[in-house]
Amino acid sequence: MSEHPASTVHDIVILGGGSGGYACALRAAQFGLDVVLIEKGKLGGTCLHQGCIPTKALLHSAEVADAARDGEQFGVKSTFDGIDMAAVNAYKDGVVARLYKGLAGLVKSRGVMFVEGSGQLVGPDTVAVGDDTYTGRNVVLATGSVPKSLPGLALDGSRVINSDHALTIDYVPRSVVVLGGGVIGVEFASVWRSFGSDVTIVEALPHLLPLEDEDLSKQIERQFRKRGIAYELGARFSKVEESATGVVVHLENGKSIEADLMLVAVGRGPVSAGLGYEDVGVAMDRGFVTVDEYCRTSVPNVYAVGDLIPTLQLAHAGFGEGILVAEQIAGLDPKPIDYDGVPRVTYSDPEVASVGITEAAARAKYGDAVTTVKYDLGGNGKSQILKTAGMVKLVAVKDGPVVGVHMIGSRVGELLAEGQLIYNWEAYADDVATLIHPHPTQSEAMGEAHLALAGKPLHTHS
Ligand code: NAI
């Protein structure tokens, strides 16, 4: 497996082979650095095996189910005869397996030494895996996160489940309570509704996707209601009891909801307990490893990346952090990450996509100098063709750059790359308004919104 004997001092020893860890390994190997990558489960981590990839496969099956159900809207005779969950899971697992094979091949071809096993930090430069030790001039902690629960709420994996369990169930529940209206809750609610379940989301804060711009949260609430997804907002969970057919979920507001099962989606917590981090002096805060803007921990030459640090818990943020660390170790001078400039997408139907800051955050930062534009997808030709509703909302500084791009509608995640360039290059309305967007595409909505922001709307009433 390795060209390097275990006794050598390696350039980098990475603990955790998820998005943050393997990106660091791949980038470091490009500089000819000698890298050890230690992983207790499967290379690819949460994103590939329990997160981004399998859930997006489920969401694609959900979209196909809706297309079958709605075919007649487009003159196509079709019927929706139900979900074959075994086939859905086989499709999902096939996607994961192919990507896993590709990733394993890539890591090997870059000359990274892959070690399968559970590692522990036993010194500031040394990780032990069983009886073997791996010493590095640099150590990167990348042990990721796992689903959290609430205090006193035990998960049995069949009636009260988390997102890991939800990916393995082999039937479509008749009814589900989704506890938590964040990204995971909203995505699973969307899948199950398309598969035919009755779904109720319970969210403690006043809106679904509470971190998004409020206009987007309100719009997804309207669209979910139309799809028959129920939700309780500003509602706190009290307790769950088993019933003859499933569970009864009690809320603090006195309501109770019966369902086949309850998904707990109240956030993910870092994997750091018992791994020796604190013993070697790595500063921690509530289980997260504390880092500076260069992902450096309190111990020299020990870095941390990915869900283990209190930044955005997104695979692509982990990629960015892994690359940032590899480039520093290689002697480059990379810039710290501007986390507002990291794009965020919730892949539900409709999708919600954003980059930059919300209107509320902009008003807190820039006061009256903030201006906004909302472009309704109803005026966009391609959106009419697709029969999708939604909007593009821009948040900008008057006579200044665009500081937030927020979108809702089917597949708007695919449009976000332009928003990311706009935000990260600090573009002004006119810079984008003068670009000719291809017609008819949903990307024109981005052009139209900027035309309106620049005071020269084309297909909107001024
Ligand atoms: P989250 O933090 O996004 O949402 C959890 C929600 O649960 C919050 O809205 C919170 O107010 C609510 N909540 C907490 N306690 C509650 C209670 N007692 N009763 C009712 N509601 C309660 O966490 P989530 O959705 O579990 O996702 C974890 C991480 O994974 C997030 O950082 C997310 O960004 C990431 N992720 C990203 C995806 C994407 O990029 N498409 C997909 C899935 C997850």
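Residues numbered from 1 in each chain as written. Predicted model: local features only at pLDDT ≥ 70, side-chain atom pairs only at ≥ 80, totals over all residues. Heavy atoms only, no water.

Looking at the packing of aromatic side chains
Here comes step 1: Counted according to the given criterion, the structure contains two aromatic pairs.
Here comes step 2: Both rings, one in Phe-188 and one in Trp-192, keep their centres 5.4 Å apart while their planes meet at 40°; by these two values the pair is tilted. In this pair, Phe-188 and Trp-192 are both assigned in helix H6 (residues 183–195), four residues apart and thus about one turn of the helix distant. In this structure, Phe-188 and Trp-192 share a single accessibility class: buried.
Here comes step 3: A cation over an aromatic ring shows up here: Lys-42 above the ring of Tyr-100, its NZ or CZ 4.9 Å from the ring centre.
Here comes step 4: Over the ring of Phe-80 we find Arg-69, and its NZ or CZ is 4.1 Å from the ring centre. (Phe/Tyr/Trp six-rings, centres within 6.5 Å; stacked < 30°, edge-to-face > 60°. Helix = DSSP H or I, 4+ residues; strand = E, 2+ residues; numbered from the N terminus. Buried < 20%, exposed > 50% of the residue type's maximum accessible area, 1.4 Å probe, protein only. Lys NZ or Arg CZ within 6 Å of the ring centre and 35° of its normal.)

Some points on the side chain of Glu-448
Here comes step 1: Among the structural elements, Glu-448 can be located in helix H13 (residues 444–453).
Here comes step 2: The charged side chain of Glu-448 is buried without a salt bridge, its nearest counter-charge being Lys-456 at 12 Å.
Here comes step 3: What Glu-448 contacts, discounting residues up to four positions off in sequence, is Tyr-375, Leu-458, His-459 and Thr-460. (Lys, Arg positive; Asp, Glu negative; His and termini not counted. Salt bridge = Lys/Arg side-chain N within 4 Å of Asp/Glu carboxyl O. Contact = heavy atoms within 4.5 Å.)

Here we look at the site of the ligand
Here comes step 1: Close to the ligand lie 24 residues, the nearest being Ile-184, Glu-187, Glu-203, Gly-267 and Val-345.
Here comes step 2: With respect to the ligand, the side chain of Glu-203 contributes an N or O atom lying 2.6 Å from an oxygen atom.
Here comes step 3: Val-345 has a polar backbone atom sitting 2.7 Å from a nitrogen atom of the ligand.
Here comes step 4: If the ligand stood free it would expose 850 Å²; the protein chains cover 80% of that surface.
Here comes step 5: Put simply, the parts of the chain that give the shell around the ligand at least two residues each are H6 and strand S10 (198–203). (Near = heavy atom within 4 Å. Polar contact = N/O pair within 3.5 Å; in protein donor to acceptor, adjacent residues only side chain to side chain. Areas by Shrake-Rupley, 256 points an atom, 1.4 Å probe, with all protein chains shown as cover.)

A look at the pattern of salt bridges
Side chains that differ in charge, positive against negative, can pair when their charged atoms come close.
Here comes step 1: For the coordinates displayed, the defined rule picks out 20 salt bridges.
Here comes step 2: Measuring nitrogen to oxygen at the nearest pair gives 2.7 Å for the salt bridge that ties Arg-69 to Asp-66. Residue Arg-69 and its partner Asp-66 are both found in helix H3 (residues 52–70); the two are separated by three residues, about one turn of the helix.
Here comes step 3: You can call Arg-69 partly exposed: its relative accessible area is 33%.
Here comes step 4: For Asp-93, the salt bridge is made with Lys-92, and the minimal N-O distance between the two is 3.0 Å.
Here comes step 5: Residue Asp-93 is classed as partly exposed on the basis of its relative accessible area of 41%.
Here comes step 6: Judged by relative accessible area, which is 5%, Lys-92 ranks as buried.
Here comes step 7: One connected set of salt bridges, linked through shared partners, spans Asp-213, Asp-215, Glu-359, Arg-363, Lys-374 and Lys-393.

Things to note about the side chain of Ser-19
Here comes step 1: Secondary-structure assignment places Ser-19 in helix H1 (residues 19–30).
Here comes step 2: Dropping the residues within four chain positions of it, Ser-19 is found in contact with Gly-44, Cys-47, Ala-315, Gly-318 and Phe-319.

Structural notes on the domain arrangement of the chain
Here comes step 1: Each domain of the chain was delimited in the assignment, giving domain 1 (9–147 + 270–329), domain 2 (160–266) and domain 3 (350–453).
Here comes step 2: Using C-alpha coordinates to define each centre, domain 1 is positioned 27 Å away from domain 2.
Here comes step 3: Contact residues are listed per partner, giving 20 residues for domain 1 and 18 residues for domain 2.
Here comes step 4: Carbon and sulfur atoms supply 66% of the area buried between domain 1 and domain 2, which totals about 1,400 Å² over both sides.
Here comes step 5: The tally of links from domain 1 across to domain 2 stands at one salt bridge.
Here comes step 6: For the salt bridge of Lys-56 with Glu-187, the shortest nitrogen-to-oxygen distance reads 2.8 Å.
Here comes step 7: Summed over the shared surface of domain 1 and domain 2, the result is five residue pairs in polar contact (both at pLDDT 80 or more).
Here comes step 8: Sorting the residues of the side of domain 1 that touches domain 2 by element identifies H3 and helix H4 (85–109) as the ones contributing at least two each. (Domains from an automatic or database assignment. Buried area = accessible area lost by both parts, 1.4 Å probe.)

Section: the nonpolar core
The nonpolar side chains of soluble globular proteins are, as a tendency, buried together.
Here comes step 1: Formed by 49 residues in total, the largest nonpolar core has its most connected members in Ile-14, Leu-37, Ile-38, Leu-141, Tyr-277 and Val-282.
Here comes step 2: Tallying contributions element by element places H1 first for this core, with six residues.
Here comes step 3: In this structure, Leu-37 is in contact with Ile-14, Gly-16, Gly-17, Gly-21, Tyr-22, Ala-25, Leu-43, Val-107, Val-112, Met-113, Phe-114 and Val-115, ignoring residues within four places of it in sequence.
Here comes step 4: Ranked by size, the runner-up nonpolar core spans 32 residues in total, among them Val-176, Val-186, Phe-188 and Ala-265. (Core = buried A, V, L, I, M, F, W, Y, C linked by side-chain atoms within 4.5 Å.)

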